[in-house]
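Report on the structure
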Amino acid sequence: GPRLDRIQESKTLRVGTPGDYRPFAMKTDQGYEGHDIDVIEAMATELGLTIEYVPTTWPNLMPDLQADKFDIAVGGITRTPARIAKMAMLPGYAPFGKVALARTADKKKYQSIDDLNQASVHVIKNPGGTNELFVLEHLKNAQVSTHEKNAEIPALIAEGKGDIMITETYEALHYSHADPRLSALFIDQPLTPINYLGFMLAADDNDYLRMMQFVWDLMDERDVLDQAEEKWLN
Ligand SMILES: O=C(O)C(=O)C[C@]1(C(=O)O)C=C[C@@H](O)C=C1
């Protein structure tokens, strides 16, 4: 197919990522790092390809993939029916639910979703992803503000500039471990059913899809996925 041909001829895989979601993909001064970065680098190496990272955002993730700015998107992307309807997605990994990140000092205040859904609670949300969808649907009574830079929200909560960040299991655990002022709430009983992340691909070339599915399976069989999980998700 044309996409696989182009990738093989250029020896380059264009990887789109918002790069703002620890521990899956984070842009730092040294480059990109995280679980998804280790996995996609191993996949590219297996295929003899060099990665070209293409910055994107959560609001632009699907439009940029549809506009052919990259071949695959990584960085903590939830598999959803809306995405599968338009794009292809590789198998699920890292089961998670939506949870809350709050100040440790406040943690007893929030025992249920009703305790979050109060006018006295200030929720800071990042735009464009499933966190925002959850906040708009379930926290209609809360005070909600939007902060574009997702990776800055935990510090804003810690400093008292907002009360709650809605996010996913691993990110909440990451920031609660990194900063004692923060606690991850609802980890044992998340606010949503369990869902899975998955790499999202352009669905216009079946040869490309079969190749990527094959390399994903190979990474699974060689325990590369287990190693990435061990390194980043514990
Ligand atoms: O939209 C998605 O797929 C996501 O999982 C991305 C998303 C979000 O929901 O906004 C998840 C957690 C991070 O805090 C940032 C981005």
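Residues numbered from 1 in each chain as written. Predicted model: local features only at pLDDT ≥ 70, side-chain atom pairs only at ≥ 80, totals over all residues. Heavy atoms only, no water.

**A few points about the pairing of strand S12 (residues 164-168)**
Of all five residues in S12, five are buried; the element is thus mostly enclosed. Side chains Ile164, Ile166 and Glu168 project from S12 onto one buried face, and the interleaved Met165 and Thr167 project onto a second face that is buried too. (Buried < 20%, exposed > 50% of the residue type's maximum accessible area, 1.4 Å probe, protein only. Helix = DSSP H or I, 4+ residues; strand = E, 2+ residues; numbered from the N terminus.)

**Structural notes on the nonpolar core**
In terms of nonpolar packing, the biggest core is built from 48 residues, with Leu13, Ile40, Met43, Ile72, Phe199, Met200 and Tyr208 touching the most fellow members. With six residues, helix H9 (residues 206-221) is the largest single contributor of residues to this core. Among all residues touching Ile40, those that are not within four sequence positions of it are Leu13, Val15, Ile51, Tyr53, Ile72, Val74 and Phe199. Counting 14 residues, the second-largest nonpolar core is a separate cluster that includes Ala100, Tyr110, Leu116 and Val123. (Core = buried A, V, L, I, M, F, W, Y, C linked by side-chain atoms within 4.5 Å. Contact = heavy atoms within 4.5 Å.)

**Observations concerning the site of the ligand**
Around the ligand, a shell composed of 16 residues is seen, among which Thr78, Arg83, Asn126, Asn131 and Glu171 lie nearest. Within the backbone of Gly76, an N or O atom sits 3.0 Å from an oxygen atom of the ligand. Side-chain polar atom of Asn150 to an oxygen atom of the ligand: 3.2 Å apart, as the coordinates give it. Burial of the ligand by the protein amounts to 100% of the accessible area it has alone, namely 370 Å². In this structure, the ligand is accommodated by the largest cavity. Elements represented by at least two residues in the shell around the ligand include exactly helix H6 (130-138) and S12. When residues of the shell around the ligand are assigned to their parent elements, the largest contribution, three residues, is made by S12. Partitioning the shell around the ligand into residue classes produces four nonpolar, eight polar and four charged. (Near = heavy atom within 4 Å. Polar contact = N/O pair within 3.5 Å; in protein donor to acceptor, adjacent residues only side chain to side chain. Areas by Shrake-Rupley, 256 points an atom, 1.4 Å probe, with all protein chains shown as cover. 1 Å grid on protein atoms, 1.4 Å probe; cavity = no way out; pocket = protein on both sides within 12 Å on 5 of 7 lines; lining within 4 Å. Sits in = over half its atoms within 2 Å of the grid points. Nonpolar A, V, L, I, M, F, W, Y, C, P; charged D, E, K, R; others polar.)

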